[in-house]
Each structure stands twice: as structure tokens, then as C-alpha cells.
Amino acid sequence: MDLDSARGALVQESRELLIAMEAGLLDIEQNGMSTDAINAVFRAAHTIKGSAGLFALDHIVSFTHVMENVLDRVRSGRLGLDEQMLSVLLASGDYLSKLIDGIDAQRDDIEPDAPLRALLLQQLSDYLPNENKDVVATAKPEPAVEVMNAERGGSDSWHISLRLSPDVLRSGMDPLSFLRYLGKLGRIVYMNTLTETLPAAAEFDPETLYLGFEIEFESEADKQTIENVFEFVREESVIRILPPHSKVDAYVAHIKSLPEEPQLLGEILVACGALTRTELEHVLGMQSDAPGQKPPIGTLLVEEQVVHPGVVSAALTKQQEKHEKKQHEQRFIKVDVDKLDALINLVGELVIAGAAAQLAAKTDGSTATQESTATVGELVENIRDAALSLRMVPIGEVFQRYPRVVRDISKDLGKKIELVISGAETELDKSMVEKLADPLTHIVRNAIDHGIESVERRQAAGKPATGTLRLHAYHDSGSIAIEISDDGAGLNKERIRNKGIERGLITAEQQLSDQEIYRLIFEPGFSTAEQITNLSGRGVGMDVVRKNIDALRGEVEVESREGEGATVRIRLPLTLAIIDGFQVSVAGAAFVLPLEMVKECADLIAADVYRNLVSLRGEPLPFIRLRELFAVEGAQPQRESLVVVQYGGQRVGLVVDSLVGELQAVIKPLGALFRDMRGISGSTILGNGQVALILDVPNLAHSVTAQHVTTTSQSAPRALSSTH
């Protein structure tokens, strides 16, 4: 067995379970306690403990065991879940995450935070009865065994509550005969005879049974056998049979060993012997007769004291785990990311080879060969799309961490903030999702700390006491847009501008647009915060945000309205691997544009050009010549072409010598020499083996737009004559 691989699976599974645990706790905090939510939290802790036990990770087993005890008391109704306990459980999840990180780093023998562990164990023990506190105090690792019921160690006897029908004597039955027969199955340890219903002597009816019996009974017989003792009086009597406390664990173990076939709750309990068919039919009858909304069968079984709550919970867990396992097996398989990367690389080579084959077919002139290579090309394109989709994951994987971030920070700052998430299903490349977490976290923290005001300031400004923070993701013009917006105070333009002058980033005479002023906040060390907090204010972070987004070939921009809030918008390419491109040529040099950003092409007529503006259907369009931008040598052709591209709200023109056509481009990273070159985002290999540069359209759009600012004061050019 590959233990490293198995430990990797443990780490991945545990992290997923910790996310589910946190989501369940936050759901309870926001929407109140629910059986599903607390069971999900319990299952997460329970599964982590069980998996860790397989690898003898005793420090995880012992800690999650204490968590389990607390959660078990909560879900069985013996303990309420308040805000303080929620905080303790959330902090316990964070501590578990550190332990899992240690396993991932092969450092599971090192305690990451001993004082925190001791504190959390103490806080958890405050919710446990004394016998469980002993476990916490000693903190001895326990084996990875199922512990569904913390109340063991009590009597080993069955408890039988017997209320025979008052008419049992009239029916010719002798109650004592049932008790004597019961004694043949085991030993009656203790019997309490209840006489509360005995009437006054004058009202006493000698043919009416007024007595009830509470019996402690030791026996190896199963529940059905014991119930059969009272078979002849079962229908008109009230008989409850509770198993010995020590057997609750036995029932739980039995439930776990049941076949994997999906079963109803009642069937599981009958199969494990915790419930008899008669009891099940009785409770189903109660459920059927209940007016209005029918109560769950599990609730009735507990309320009627037919089955121990721990056994019902174990059966519900079994039922749910089976359901989830079936869903998981049907929909997902886990694949090593390295294998996906290898597949993408092979597909990339296939794309290049396919382009070479198509080029050779055109050169050869054979129609049959061209048709065949065209068919292969279509199939390669489909394979490419399918392969790339394997790496696409919903951005919700990143968004799901922010409810906790917003909760904790807003509590620390004493603010009320509602987080609204939309577009979480929007997909982007997995590698980008992983690298987005830190920049987004910093922007969210900034919005909470500096953007959204305190309750007092919001109310004084006529705003709702609770601020709103929104995370929104969507597709836009061949890219992914992520918006982080708040309804806080917004950015103070004047203060940012003055700070920029003070730091020498701009001069007092410079006239800047709002966007240019806002971009100053991305300069290293830039901060307008009046106070430094433990969250922000030192000017460290927003420059790193921009660097991280730049590294993903993305863009970040800010919009703000003072007193109304701010929006930070991040734009990212859909994928980092293979794109549909549009090839152009300048003096024999090949360039590739992302096809989704190309809007149209037109012939450029010199008479219609004025400086860096051209009229397109009567509208001025800023443009730039690639020949001049990249200093490409060679004679300029008499006829040039204009490629109109759009990124976000910016629409600009790129002038080239000729248009080549569409292609699939496998993006290759630039070497260190060209890493900081503006306007180029990568390179690709064409079918003929030539290297083509992939243009960074967002950067070019910004450059052309900036030049346009100086041109707007000039007169408008004449109309462009022809387009297609």
C-alpha cells in the first residue's frame, strides 16, 4: 500500500470535511439549529477521527474525540448550542486544520500550538459531564473506535416499562405469569411496582389492574424475544423496552456493519435489533395519525422512548452516509492534479502537431488530405475543450472561506456586516483559484476594516446598521470578472491624491482621472489610514494584490463613490493553458490575439487616420501600430489592417500588416528576459515551427486609451471608408 498516497487522501478528505464542518456551524449561527446541520458537523468530526486513527495519528484522534463528545450531546438535545460554543467549535476546526497541515508537511510529530490545544480542550470540557472531563484532563489518545454514546458505564440491564391494560384481568390474563415467564429469559434485578393509580378503597374494582411496573432485567436475549413475552397483551398495553446502556454501543457497531443497501430508518433499527416490528408499526401508526405535518419517525421513536437517542442518531448517520457515498460515487472521482497537468501538456503538443499537419496538407494541395486534417482538427479542438474543462473549478471554492472571515473580523471590530455571495458557480482554472485566495482575502479585510463604517457612523449617515459586503463573479468578454463591493464610506479621492503628492508619486500640478487616483492605492507602502490596526493600515498588501493579479495575467481596478461604497473589480483570463487565437503578421513576425477579445477587422485607409485616432463608422477609435510598439523593422505595406479588440469597457484598434486567421494557441511562458515586457503575455509555437508572441490585450488597451486622452483635444478624424 502506498502510504504517502493514502496520507495525501487523508489530508484532502480532512480539509474537505473541515470546510463542511465550518459551513455547518455558520449555517447554524445564521439560520438556527437544524438536525441536518448538526449531524453534518458531527459526521465531519467523526470521520476525521476515524481516518486519523487508521494512521495512528493519536493527537488528532484524542482531540476530535472530545469534540465528538460535545457534538453528540448537542445533537441528542442534552446540550444547547450557543454563540460561545460556536466560537469554540470554529476555533477547534481551525486547530484541526493546523494538525492536518502538519500531516501534509510530514510534521505530524510536532505539536503546532500546545497552548491553544490546552485552551480548547479546557473550553470543550466545560460542556461535558465529569466522567468525560477525565478524558480531557488526561488527554490520552484513544483508539479509533466508534464512540456514539458518551453515557456508557451504567447498568448492563434492560429497562422494561410495563403498563398493562386495566382490563387484563377481565380477559383472563395473569400479569404475574408474564413476569414469571420473563424471569426464564434472564434475571429480574429490580422491579418497582407503581401504585399511583390505585383508587380509594370504596372505588376499588378487583377486576381492574391499577399497577405499573418498572423492571431492571438482565438477559442475553434480544429485544424481539423480550417483547414476545408480552405478545398476548401487547395491543392494549404500553410497553417500552430500553436496551442496556452498554449495548447502545453494540447497536451502533451493528448498524455500521449492516449491508450497504439503502434502507429506511425503521428498517435499519429493526435490522440491528433496537426496534421490533410491532414497535415500528405502532410508531408508524402514530406518525400517520398525526395532524398536519407528519413528525419524523426518528423524533417519535425518541419521544416515545422506544429507542435510545444515540442509536437513532447512529442510524440516521448510517442512512445519510450511504446516501452521500452513493451520490459521490456516481458523480465524482478523484484524480491527481499532476495527471491532469500531464494531460493538458499532451493536448497542447497535439494541438501544435495538428496545426503542422493542416499546414502540410495545404502545402500538399490534396483535397482529401485537407478534409481529413480538418476533421482531425475539429476532434482535437473538442478534446482540448474537454481536457481544459477538467481543470475548471467553481470559484465558490474560494468564496466559501469568506463567511468565516467576515464573521470573525466583524465581531472583532464590533461591526454588523452581511455577506452576499453570487456567481459562486462561475468556473475558472484551478491554478488561478488557488492563487486568488490571498488577494481576495486582503481586499475583503480592507473592505471590512476601512470600507464599512461602524454601526454608529452608519446610523448617523442614515444607513442601515448592518453593512453589506458582496462577492460576485461572472463571465465578461472572454474573461472572468470578480467584484468585491461594499456599501461603506467609499474611497476619499482628495486624501489619496494628497498622500500621493506627499509621497512623491505625483505632482500637485498633475491632472488625474478618478481611476488614476484610485490606482495609487496599489503602490507599495501606500496607505491613507489614520490608525494602524491589526488588520491593515500599514500600506502592505494592495501592492501585493496587484502583483498577484498581474502574475495571473489579470487586471484590477477600483470604482468608488464617497459615502456610498467601493468596488474592487478583478479580471482574469479564462484559462492559462490553451486559447483560441487570431493570428496577425507584422513584417513577417507573427502575433496572436485571444480570439474572444477580437470584435472585428477593417482595412485601414491613411486618409481616415488622424494621429492615433481613426473613425470607425463615424466613431473615433484610438489605435496603435504594432510595428511601432515593438520596433519591428521592415518596409511598411501600402495596405494595412485594423483589428478592433475589446477588454472590459475599453475598445481599441491594433494596426497590423496582414490578417492570417484563427488558430489554437498553446500558451508558453515567457523567459526571464521578457517577463516584465508590457504588451506581451506569452508565446506559442505555430504549425510551421515559428514562434509567435501572444499579445496582452488588457495592457495594450490601457496603453492605447491613455494615449487617447491626449488626442481628444484634437479635431475628430474623417470617416473610415470600408469595414468587413
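Scroll up for the structure.
Since the structure is predicted, the reported quantities are computational estimates derived from the model, not experimental observations.

J.: Sorry, what's going on with unusual backbone geometry here?
T.: Most peptide bonds are trans, and most residues other than glycine sit at a negative phi. Of note in the backbone geometry, Ala587 takes a positive phi value of approximately 50° without being a glycine. As for its position among the elements, Ala587 is in the loop between strand E12 (578-586) and strand E13 (589-594). With a relative accessible area of 38%, Ala587 lands in the partly exposed category. Even without glycine at this site, Ala631 takes up a positive phi of about 55°. Within the secondary structure layout, Ala631 lies in the loop between helix H23 (626-629) and strand E18 (640-647). For Ala631, a relative accessible area of 61% translates into the label exposed.

J.: Whenever I open this one, the nonpolar core confuses me. Can you help?
T.: Within soluble globular proteins, side chains that are nonpolar generally end up buried alongside one another. Judged by nonpolar contacts, the single largest core of 45 residues is most densely connected at Leu440, Val444, Leu469, Ile482, Ile484, Ile570 and Leu572. Counting residues per element, this core draws most heavily on helix H18 (residues 430-451), which supplies nine residues. Residues within four places of Leu440 in sequence aside, it is in contact with Val398, Phe399, Tyr402, Ile482, Ile484 and Ile570. Within the second largest apolar cluster, 42 residues are counted, among which are Leu17, Ala44, Ala45 and Met85.

J.: How should the side chain of Asp486 be read in this particular structure?
T.: Mapped onto the elements, Asp486 comes out in strand E9 (residues 479-486). For the buried Asp486, no salt bridge is present, and the opposite-charge side chain at shortest range is Arg458, 6.8 Å distant. Reaching out from Asp486, the side chain makes a polar contact with the backbone nitrogen of Gly488 at a distance of 2.8 Å. Apart from residues no more than four positions distant in its own chain, Asp486 is found in contact with Ala447, Gly451, Ile452, Thr468, Leu469, Glu564, Gly565 and Ala566.

J.: Just checking my understanding: could you explain the sheet that holds strand E20 (residues 658-666) for this structure?
T.: What holds strands together in a sheet is hydrogen bonding between their backbones, with the strands either parallel or antiparallel. Strands sit in the order E20-E12-E13-E22-E21 across an open sheet of five strands; the sheet is mixed. Looking along the sheet, the strands with just one partner apiece sit at the ends: E20 and strand E21 (680-685). Ignoring strand direction, the axes of neighbouring strands in this sheet form an average angle of 35°. As paired elements, E21 and strand E22 (residues 691-695) share five bridges and run antiparallel to each other. Looking across to E22, one finds that Thr684 is bridged to Ala692.

Each value, and the rule that gives it
- Residues numbered from 1 in each chain as written.
- Predicted model: local features only at pLDDT ≥ 70, side-chain atom pairs only at ≥ 80, totals over all residues.
- Heavy atoms only, no water.
- Helix = DSSP H or I, 4+ residues; strand = E, 2+ residues; numbered from the N terminus.
- Buried < 20%, exposed > 50% of the residue type's maximum accessible area, 1.4 Å probe, protein only.
- Core = buried A, V, L, I, M, F, W, Y, C linked by side-chain atoms within 4.5 Å.
- Contact = heavy atoms within 4.5 Å.
- Lys, Arg positive; Asp, Glu negative; His and termini not counted.
- Salt bridge = Lys/Arg side-chain N within 4 Å of Asp/Glu carboxyl O.
- Polar contact = N/O pair within 3.5 Å; in protein donor to acceptor, adjacent residues only side chain to side chain.
- Pairing = 2+ DSSP bridges.
- Axes fitted to C-alpha atoms, helices over the stretch in contact; angles between N-to-C directions.

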